[in-house]
Structure formats: structure tokens, C-alpha cells
Amino acid sequence: MDRKTKEQVVEDLHEKLKDFKLAVLASYSGLDVERLTTLRNSLRKSSAEVKVVKNTLLRIASEGTDFSIAQQHLKGPLALILTKRDVVEPAKVLSEFAKKNAELEVKAGVLDGRLLTKEQLSALALLPSREVLLGKLLSVMVGVQGGLVNVLSAVPRGFVQVLDQVRQKKESEN
């Protein structure tokens, strides 16, 4: 790679590292092209991308970004997984793929400026997806509104029931 190409790669990578939600470093030694392509496609479906870049270029590109805290993990052949959207889904995909393919080893990750260990990334993969969490939140919000309607309607309902009982009593007396 000539110098101009390297500068372009560093510039493009720096732009991507400025606005990511989750970045993960994974060692892929021993993975054949077919399985690496399968991983790329799976991650692409979960709105993440896989980059294989020289560690020195990644180190230079990460300067001045949140990813710079992961520089001590830049050793050996590594794949960089980046996502700007849901952080749980790519973590799940990586975790599942690593269980089936021992050659893929998750090294570290960066989430909101914090360095995550392999264990923390595994815990992240166990969380429900964003859609499931939003669904649970919506059900709680609807339940609160339903309870509020029941509480507010209890007084008029009770008043109407008392009036109905008075009416029935007067009708029975006549």
C-alpha cells in the first residue's frame, strides 16, 4: 500500500471511529475466508461492519477518538467491528459466532468511551434486543395509563352504582 492510500484509509477510519456506539476488536486467526464472509454478512444484517486494518493504521486513526483507550489491545491480526445503531444485536452475533467457531476470539470493546472486557461484551450479548426493550417499556406505559383510568373512573362509577341502588329501593317500595 502506498502512502497516499494509507493516508486515505486512516482518514476514513478516523471518521468512522468518531461516531460509533460500539467497537469490538476480535482475533480471527485460523478463520477461513468462507467463515469470515459469513460473519461479515451476519454482522451486516445487524447494522454493523467488519474492517480488517493494519494495527499501526488503526492506532493512528484512533488518536483523538473514544477508541484510543483500546490501543493496548492492538496486537496480532485483528478485525474491527463497528456499529452506529443497536449495540446488543452485533454483540449477540459475535458471541454466537465465537461459540461455534473457536478461532474467533473477542479481545475487547469500546462502548460510550468505556473499555469493555470479553466478559462484559458477553454480558451485553445476553441483554434483550432494543425492540424487545421498547416493547416492554410500551407495555408498562400502557399499563400505567389503564390503571390511571380505572382509578379516576372509580368515584363516578361508585356514585352511579349508589344512585342505581337508591332507584331500585324506591321501585321496590312502590
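Just above, that's the structure.
Analysis parameters
- Residues numbered from 1 in each chain as written.
- Predicted model: local features only at pLDDT ≥ 70, side-chain atom pairs only at ≥ 80, totals over all residues.
- Heavy atoms only, no water.
- Phe/Tyr/Trp six-rings, centres within 6.5 Å; stacked < 30°, edge-to-face > 60°.
- Helix = DSSP H or I, 4+ residues; strand = E, 2+ residues; numbered from the N terminus.
- Buried < 20%, exposed > 50% of the residue type's maximum accessible area, 1.4 Å probe, protein only.
- Axes fitted to C-alpha atoms, helices over the stretch in contact; angles between N-to-C directions.
- Parallel < 35°, antiparallel > 145°, perpendicular 65-115°, else oblique.
- Left-handed = near helix turned anticlockwise from the far one by under 90°.
- Contact = heavy atoms within 4.5 Å.
- Polar contact = N/O pair within 3.5 Å; in protein donor to acceptor, adjacent residues only side chain to side chain.
- 1 Å grid on protein atoms, 1.4 Å probe; cavity = no way out; pocket = protein on both sides within 12 Å on 5 of 7 lines; lining within 4 Å.
- Points joined across faces, edges and corners; volume = space filled by probe spheres on them.
- Nonpolar A, V, L, I, M, F, W, Y, C, P; charged D, E, K, R; others polar.
- Patch = residues over 30% accessible without salt bridge, like charges linked within 9 Å, V, L, I, M, F, W, Y side chains within 5 Å.
- Areas by Shrake-Rupley, 256 points an atom, 1.4 Å probe, with all protein chains shown as cover.
- Salt bridge = Lys/Arg side-chain N within 4 Å of Asp/Glu carboxyl O.
- Pairing = 2+ DSSP bridges.

K.L.:
Looking at this model, I keep getting lost on the packing of aromatic side chains. Mind explaining?
P.N.:
For any pair of aromatic rings, geometry is given as the distance between the ring centres together with the angle between the planes. Counting across every chain of the model gives one aromatic pair. On the basis of an interplanar angle of 80 degrees and a centroid distance of 6.4 Å, the ring pair of Phe20 and Phe67 is categorised as edge-to-face. Residue Phe20 is found in the loop between helix H1 (3-18) and strand E1 (22-27), and its partner Phe67 is found in the loop between helix H3 (55-62) and strand E3 (78-83); the two are separated by 47 residues along the sequence. On the accessibility criterion, Phe67 (1% relative accessible area) is buried.

K.L.:
Is there a simple way to explain the packing of helix H2 (residues 33-45) against helix H4 (residues 88-100) in this structure?
P.N.:
Each packed pair of helices is defined by two parameters, the angle between the axes and the distance between the axes. Close contact between H2 and H4 brings their axes to 10 Å; oriented N to C, the two are set at 155 degrees. The orientation of H2 with respect to H4, classified from their angle, is roughly antiparallel. Seen along the crossing, H2 lies across H4 with a hand that is right-handed. Residues Arg35, Leu39, Ser42 and Leu43 of H2 lie in contact with H4, whose contacting residues are Pro90, Val93, Leu94 and Phe97.

K.L.:
Can you help me understand the side chain of Asp86 in this one?
P.N.:
Among the secondary structure elements, Asp86 is positioned in the loop between E3 and H4. In this structure Asp86 comes out as buried when scored by relative accessible area, which is 16%. Within polar-contact distance, the side chain of Asp86 engages the backbone nitrogen of Val88 at 3.3 Å.

K.L.:
I tried to follow the layout of surface pockets on my own but got confused; where do I start?
P.N.:
It is the rolling of a water-molecule-sized probe over the atoms that shows where space remains empty. Of the volumes computed, that of the largest pocket is approximately 190 Å³. As for the largest pocket, its lining consists of Val24, Ala91, Leu94, Ser95, Ala98, Lys99, Leu104, Glu105, Val106, Lys118, Leu121 and Ser122. Those elements giving two or more residues to the lining of the largest pocket turn out to be H4, strand E4 (105-111) and helix H5 (118-125). Take the lining of the largest pocket: its biggest share by element is five residues, from H4. For the lining of the largest pocket, the per-class residue count stands at seven nonpolar, two polar and three charged.

K.L.:
What exactly am I supposed to notice about a nonpolar patch on the surface here?
P.N.:
Together, Leu134, Leu137 and Met141 make up a nonpolar patch on the protein surface, roughly 290 Å² of accessible area in all. Within the secondary structure, Leu137 is located in helix H6 (residues 130-173).

K.L.:
Whenever I open this one, the pairing of E1 confuses me. Can you help?
P.N.:
The side chains of a regular strand alternate between both faces of the sheet. Of all six residues that make up E1, six are buried, and the element is covered over most of its length. The side-chain alternation of E1 yields two buried faces, one formed by Leu22, Val24 and Ala26 and the other by Ala23, Leu25 and Ser27. Pairing analysis gives six bridges linking E1 to E3, with the strands arranged antiparallel. Counterpart to Leu25 in the pairing with E3 is Leu80. Alignment of E1 against E4, held across six bridges, turns out to be antiparallel. Looking at the pairing, Ala23 lines up with Val110 of E4.

Shape descriptors only; they carry no functional weight alone.
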